[in-house]
Amino acid sequence: PMVLRRLRAALGADENLILEVDDSSLEVKGFLTSAQYAMLEQLPGMHPVIHSVDLAQARLDPEEAAVLARQRLNAPPSVAISAAEDRLELSGTASAEWFGVAMAGEMSVGGWPLDFAPLRGELQDQLKNLLNGMDGRTMLFSRGLEFSPETLNDIDALAGDIRQLKDLAALLQVKITIGLEGWADGSGSEEENRELTMMRARTLRSELVSRGIDPASISLDTGHWTSGSADPLQRKVVVHVARELDN
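Conventions used here
For every chain, the first residue of the written sequence is number 1, and numbering continues from 1 onward in sequence order. Confidence filtering applies because this is a predicted model: local features only for residues at pLDDT of at least 70, side-chain atom pairs given and counted only at 80 or more, and all residues used for totals across whole chains, interfaces and linings. Hydrogen atoms and water are omitted, and side-chain values are computed over all heavy atoms in the structure. Under this scheme, a helix contributes an axis fitted over its contacting stretch, all axes are lines through C-alpha atoms, and angles between N-to-C directions fall in the 0 to 180 degree range. For helices the rule is a DSSP run of H or I covering at least 4 residues; for strands it is a run of E covering at least 2, with both sets numbered from the N terminus onward. Note on angle classes: values under 35 degrees are labelled roughly parallel, values over 145 roughly antiparallel, values of 65 to 115 roughly perpendicular, and the remainder oblique. Here a crossing is called left-handed whenever its near helix is offset anticlockwise from the far helix by less than a right angle, and right-handed whenever the offset is clockwise. Throughout, a residue-residue contact means that at least one pair of heavy atoms, one from each residue, lies within 4.5 Å. Gly counts as polar in this scheme, as do all residues outside two lists: the nonpolar Ala, Val, Leu, Ile, Met, Phe, Trp, Tyr, Cys and Pro, and the charged Asp, Glu, Lys and Arg. In short, DSSP must find at least two bridges between two strands for them to pair. For Phe, Tyr and Trp, rings pair up if their centres lie within 6.5 Å, where Trp contributes its six-membered ring, and each pair is then called stacked (planes under 30 degrees apart), edge-to-face (over 60) or tilted (otherwise). Burial status follows relative accessibility: with a 1.4 Å probe on protein chains alone, a residue under 20% of its type maximum counts as buried, one over 50% as exposed, and anything between as partly exposed. For a ring to carry a charge above it, either NZ of a lysine or CZ of an arginine must fall within 6 Å of the ring centroid while also lying within 35 degrees of the normal to the ring plane.

1. Description of the packing of helix 4 (residues 96–103) against helix 5 (residues 117–134)
Interaxial distance between helix 4 and helix 5 falls to 12 Å at its minimum, and their mutual angle equals 150 degrees. Between helix 4 and helix 5, the angle is such that the two are roughly antiparallel. The hand of the helix 4/helix 5 crossing is left-handed. Residues Trp98, Phe99 and Met103 of helix 4 lie in contact with helix 5, whose contacting residues are Leu119, Arg120 and Leu123. By residue class, the composition of the contact of helix 4 with helix 5 is five nonpolar, no polar and one charged.

If you want it as structure tokens, here you go:
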């Protein structure tokens, strides 16, 4: 029909693009450039014969779809977007904040479903590495409740890691536990040191709370104490983090 010939010429369409008219509806099948896609979206209301356009079986050119997806998602350079069979696959690395915003948005671009599974896998690896890196971390004290100089420099980093861990866990719907276990050297009485170990755990938690960490998310405990030498390496709080296993 003359309508299709003129439309095909206006679109600059090759023979691989299928255009079919049924009454006043146009059905499009095949790959489209972004310019063709935009033209067809605007066609209803502008064309005297065609009043609706069905693009359900049409898709943007894969490379153009990937570029458009990057723009719409505001994807960072660390995220790769590429066509894989019938979908656009997102891989690489990204922050939990960006991933959460992206997942809450559109789930297809130019007829291509967005597949976040590879990127989710990378975030799961990040969570695992954070758990492994934080569990067993030691924060030393000089005497009493006074932090060692090294620990003072490490508290900010610990608070940042806890925030990142909690953000990732919430995003991936994983339950985690965070505990602080106070220790003391072998000098003095058992009763005194029991109290001191708990006070050390509370002191570290207070420092973390002052840096924005929810106190309810951190449990406190005391390590095993035995009488003996005044070993300075036992004046510490040990950080324990773990992923709760599903029942």
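2. Considering the pairing of strand 12 (residues 236–243)
Inspection of the sheet shows strand 8 (residues 138–143) paired to strand 12 by three bridges, in the antiparallel sense. When the bridges of strand 12 are listed, Met139 appears paired with Val237.

3. Things to note about the packing of aromatic side chains
In the structure shown here, the tally under the stated rule is three aromatic pairs. Where Phe31 meets Trp112, the ring centres are 6.1 Å apart and the plane angle is 5 degrees; that geometry is what we call stacked. Of this pair, Phe31 sits in strand 2 (residues 25–32) while Trp112 sits in strand 7 (residues 112–115), and the two are 81 residues apart along the sequence. The exposure class assigned to Trp112 is buried, which follows from its relative accessible area of 2%. Taken together, a centroid distance of 5.8 Å and an interplanar angle of 85 degrees make the contact between Phe99 and Phe116 edge-to-face. Linking Phe99 in helix 4 with Phe116 in the loop between strand 7 and helix 5, this pair joins segments that are 17 residues apart in sequence. Here the basic side chain of Arg59 rests over the ring of Trp112, its NZ or CZ set 4.6 Å away from the ring centre. In this arrangement the basic side chain of Lys236 is found over the ring face of Trp183, its NZ or CZ atom lying 5.0 Å from the centre.

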